[in-house]
Amino acid sequence: MRYPEAMTDLPSAASSRLSQKLFTSDLSVSEFALLQQLGYRPLGLVVGSSIYHIGFQLAGWNQSQELSVITQAMYRARELAMRRMEEEARLLQADGVVGVRLEISLAQWGEDLAEFLAIGTAVKAPEPFERPFTSDLSGQELWLLHQTGYRPLGLVFGNCVYYVAHQTLGQALRTLGRNVEMVNFSQALYSARELAMSRMEAEAEELGAQGIVGVHLSEKSFGWGSHVIEFLAVGTAVAPLNAKAEAFRPSPVFDLGR
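Residues numbered from 1 in each chain as written. Predicted model: local features only at pLDDT ≥ 70, side-chain atom pairs only at ≥ 80, totals over all residues. Heavy atoms only, no water.

Asks: An account of the pattern of salt bridges is requested, with residue identities and associated values reported.
Replies: Using the criterion set out here, one finds 7 salt bridges in the structure. For Arg101, the salt bridge is made with Asp26, and the minimal N-O distance between the two is 2.7 Å. Placement of the pair is Arg101 in strand S3 (residues 96-106) and Asp26 in the loop between helix H1 (12-18) and helix H2 (29-38), with a sequence separation of 75 residues. Among the residues examined, Asp26 registers a relative accessible area of 31% and is labelled partly exposed. Linked through salt bridges whose partners overlap, the residues forming this network are Asp26, Arg101 and Glu103. (Salt bridge = Lys/Arg side-chain N within 4 Å of Asp/Glu carboxyl O. Helix = DSSP H or I, 4+ residues; strand = E, 2+ residues; numbered from the N terminus. Buried < 20%, exposed > 50% of the residue type's maximum accessible area, 1.4 Å probe, protein only.)

What follows is the structure in structure tokens.
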């Protein structure tokens, strides 16, 4: 579900901030210290945002289905925010962005408007990668990832906005006063999660990843109603630093003090 690149000029204030010699970062002191051990040097806090109007899509009362128009809008808005964050990192000549956060806040200008924000710390790597990476891993997690011989390729995500059908009168009567699984609800939510997960995995495959670590799966409704929910899967695609990493096995640790 990648979209063609659509960049806009960065605000002059952002360009001016990025031209400063000192760096800014949302890394904790511990994260900063561990990344320094790896040879990563923070260059600056990078931000991308997009205020997006979310459209409307009708759905049948008793038919569960994906609301593809809204799914694409939510994906596109996040993608714009990510691209603008990456553009700021490019101006800093960064090799990657770590600790990326994707946030959504509902603006006060209207019920259908939301701000999508991507924020992270641009870094210079000890050895440049083939292409800059993004990752939502913390400094500690990135340090551990390198210790196991792996590196981040990019932040990958997939989403699905899904309408969960209402019960018919007959279904409501059959469950009245009984403990019973709501099969139509279970199947709808299961299908929506699988769509989000499969789209995230497809992005990782495009990057040539061996796997995805730190996956977060969230379910949220942004004012669309009680039966409309978005499933979002986010993680960091990874690959071996070299061929030896595939044969890596953790060394056993023996506690002789017991």
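What follows continues from the structure just given.
Asks: Residue-level account of the nonpolar core, with values.
Replies: One finds Val46, Met74, Met82, Met85, Phe116 and Ala122 to be the most contacted residues of the largest nonpolar core, which totals 30 residues. Elements with a minimum of two residues in this core: strand S1 (41-53), helix H3 (68-91), S3, strand S4 (113-124), strand S6 (150-163) and strand S8 (228-240). Looking at this core, the element that brings in the most residues is H3, giving 9 residues. Excluding residues within four positions of it along the chain, Phe116 makes contact with Gly48, Ser49, Ser50, Tyr52, Ile54, Met74, Ala77, Arg78, Ala81, Glu103 and Ile104. Cys160, Tyr162, Ala204 and Ala233 belong to the second-largest nonpolar core, a separate cluster that totals 15 residues. (Core = buried A, V, L, I, M, F, W, Y, C linked by side-chain atoms within 4.5 Å. Contact = heavy atoms within 4.5 Å.)

Asks: Break down H3 for me, with residues and values.
Replies: Two residues of an α-helix separated by three or four positions point the same way, owing to the 3.6 residues in each turn. Between its terminal C-alpha atoms H3 stretches 34 Å, which fits the 34 Å expected from 24 residues at 1.5 Å a residue. In terms of residue burial, H3 counts as a mostly covered element, since 18 of its 24 residues are buried. Looking one or two residues beyond H3, the residue adopting positive phi is Gln93, at roughly 55 degrees. (Expected span 1.5 Å × (residues − 1).)

Asks: Describe a negative patch on the surface, naming the residues involved and giving the relevant values.
Replies: A cluster of acidic residues, Glu194, Glu201, Glu205 and Glu206, forms a negative patch on the protein surface. For Glu194, the location among the structural elements is in helix H6 (residues 183-206). On the accessibility criterion, Glu194 (43% relative accessible area) is partly exposed. (Patch = residues over 30% accessible without salt bridge, like charges linked within 9 Å, V, L, I, M, F, W, Y side chains within 5 Å. Areas by Shrake-Rupley, 256 points an atom, 1.4 Å probe, with all protein chains shown as cover. Lys, Arg positive; Asp, Glu negative; His and termini not counted. Charge placed at Lys NZ, Arg CZ, Asp CG, Glu CD.)

Asks: Before we move on, can you summarise the pairing of S6 with the specific residues and values?
Replies: Successive residues of a regular strand alternate their side chains across the two faces of the sheet. Among the 14 residues that make up S6, 14 are buried, leaving the element largely enclosed by the rest of the structure. Pairing of strand S2 (residues 65-66) with S6 involves 2 bridges; the strand directions are antiparallel. Residue pairing for S6: Gln65 is matched across the bridge by Tyr163. In this structure, S6 lies alongside S8, joined through 13 bridges in antiparallel fashion. Across the sheet, the residue bridging to Gly154 is Ala237, located in S8. (Pairing = 2+ DSSP bridges.)

Asks: Please provide a residue-by-residue account of the sheet that holds S6, values included.
Replies: Working definition: the strands of a sheet are paired by backbone hydrogen bonds and lie parallel or antiparallel to each other. As summarised here, the arrangement of the 4 strands in space is S2-S6-S8-S7, forming an open sheet in which the pairing is antiparallel. Of all the strands in the sheet, the pair left with one neighbour each is S2 and strand S7 (211-220). Pairing of S7 with S8, which is carried by 8 bridges, proceeds in the antiparallel orientation. When the sheet's bridge partners are listed, Lys220 is paired in S8 with Glu230. Its contacts with the sheet place H3 against S2, S6 and S8, and it is angled at close to 150 degrees to S6. (Axes fitted to C-alpha atoms, helices over the stretch in contact; angles between N-to-C directions.)

Asks: So, unusual backbone geometry: which residues are in play, and what are the values?
Replies: The phi dihedral of Gln93 is positive, around 55 degrees, even though this residue is not glycine. With respect to the helices and strands, the residue Gln93 is situated in the loop between H3 and S3.

Asks: Provide a residue-level description of the side chain of Glu31, including the pertinent values.
Replies: Here Glu31 shows up in helix H2. One buried charge, Glu31, has no salt-bridge partner; the nearest side chain with opposite charge is Arg101, at 8.4 Å. Within polar-contact distance, the side chain of Glu31 engages the backbone nitrogen of Ser28 at 2.9 Å. Setting aside its immediate chain neighbours within four residues, Glu31 contacts Asp26, Ser138, Gly139 and Gln140. (Polar contact = N/O pair within 3.5 Å; in protein donor to acceptor, adjacent residues only side chain to side chain.)

Distances and angles like these do not, on their own, reveal function.
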